[in-house]
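Report on the structure
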Amino acid sequence: MRKGIFLDDERNVADVVWVSLWQDVDWTVVRTYDEFVDAVLDVVQSEEECVYSFDHDIQDFKEGHGRTVERTGHDCLKFMCEEYIAADLTLPPIMIHTRNPIGAENMQASYEHYRNYADQLITSN
């Protein structure tokens, strides 16, 4: 069974019925940006196969430099892509289960951008 990271601040895998998530996956649910970062670093370090499913609006806020910054599923997706590329690993399959249509569109576009960039790195080496 494949490993999966499911990012959502409130829902569990079984709650997502509007998209068909992979069924042959042992999902680990993470609720925050920091939990997601830890999970990705573990996967990248072990180089094990993993799939990911993303919510966009994860209600994760960080205080810093006198202001509050929201961290979203989009930030998590970008972190994941950058870590895989830095480790010279193929980007993993993803699903986006967010109910935020603009967030989903932006996340999909970013993933495609990173995938194209990773493909260019492979062909230039």
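The following paragraphs examine the structure supplied in this document. (Residues numbered from 1 in each chain as written. Predicted model: local features only at pLDDT ≥ 70, side-chain atom pairs only at ≥ 80, totals over all residues. Heavy atoms only, no water.)

1. A few points about the layout of surface pockets
Roughly 220 Å³ of volume is contained in the largest pocket. Lining the largest pocket we find 12 residues, and of these Asp88, Leu89, Thr90, Ala118 and Ile122 sit closest to its centre. Taken together, the elements giving at least two residues each to the lining of the largest pocket come down to α2 (73-86) and α3 (101-124). Residue classes in the lining of the largest pocket are distributed as 7 nonpolar, 2 polar and 3 charged. (1 Å grid on protein atoms, 1.4 Å probe; cavity = no way out; pocket = protein on both sides within 12 Å on 5 of 7 lines; lining within 4 Å. Points joined across faces, edges and corners; volume = space filled by probe spheres on them. Helix = DSSP H or I, 4+ residues; strand = E, 2+ residues; numbered from the N terminus. Nonpolar A, V, L, I, M, F, W, Y, C, P; charged D, E, K, R; others polar.)

2. Topic: the pattern of salt bridges
Evaluation of the coordinates by the stated rule reveals 7 salt bridges. For the salt bridge of Asp55 with Arg11, the shortest nitrogen-to-oxygen distance reads 3.3 Å. You can see Asp55 sitting in the loop between β3 (50-54) and β4 (60-64) and its partner Arg11 sitting in the loop between β1 (2-7) and β2 (25-30), a full 44 residues away along the chain. (Salt bridge = Lys/Arg side-chain N within 4 Å of Asp/Glu carboxyl O.)

3. Details of a negative patch on the surface
On the surface, Glu35, Asp38, Asp42 and Glu48 cluster together to form a negatively charged patch. Relative to the elements of secondary structure, Glu48 occurs in the loop between α1 (33-46) and β3. Residue Glu48 is classed as partly exposed on the basis of its relative accessible area of 38%. (Patch = residues over 30% accessible without salt bridge, like charges linked within 9 Å, V, L, I, M, F, W, Y side chains within 5 Å. Areas by Shrake-Rupley, 256 points an atom, 1.4 Å probe, with all protein chains shown as cover. Lys, Arg positive; Asp, Glu negative; His and termini not counted. Charge placed at Lys NZ, Arg CZ, Asp CG, Glu CD. Buried < 20%, exposed > 50% of the residue type's maximum accessible area, 1.4 Å probe, protein only.)

4. Some remarks on unusual backbone geometry
The backbone phi angle of Glu47 is positive, close to 60°, even though this residue is not glycine. Tracing the sequence through the fold places Glu47 in the loop between α1 and β3. By relative accessible area, Glu47 is classed as exposed at 57%. Positive phi outside glycine occurs at His65, with the angle close to 55°. With respect to the helices, strands and loops of the structure, His65 is situated in the loop between β4 and β5 (67-71).

Without other data, these values stay purely geometric and don't point to any function.
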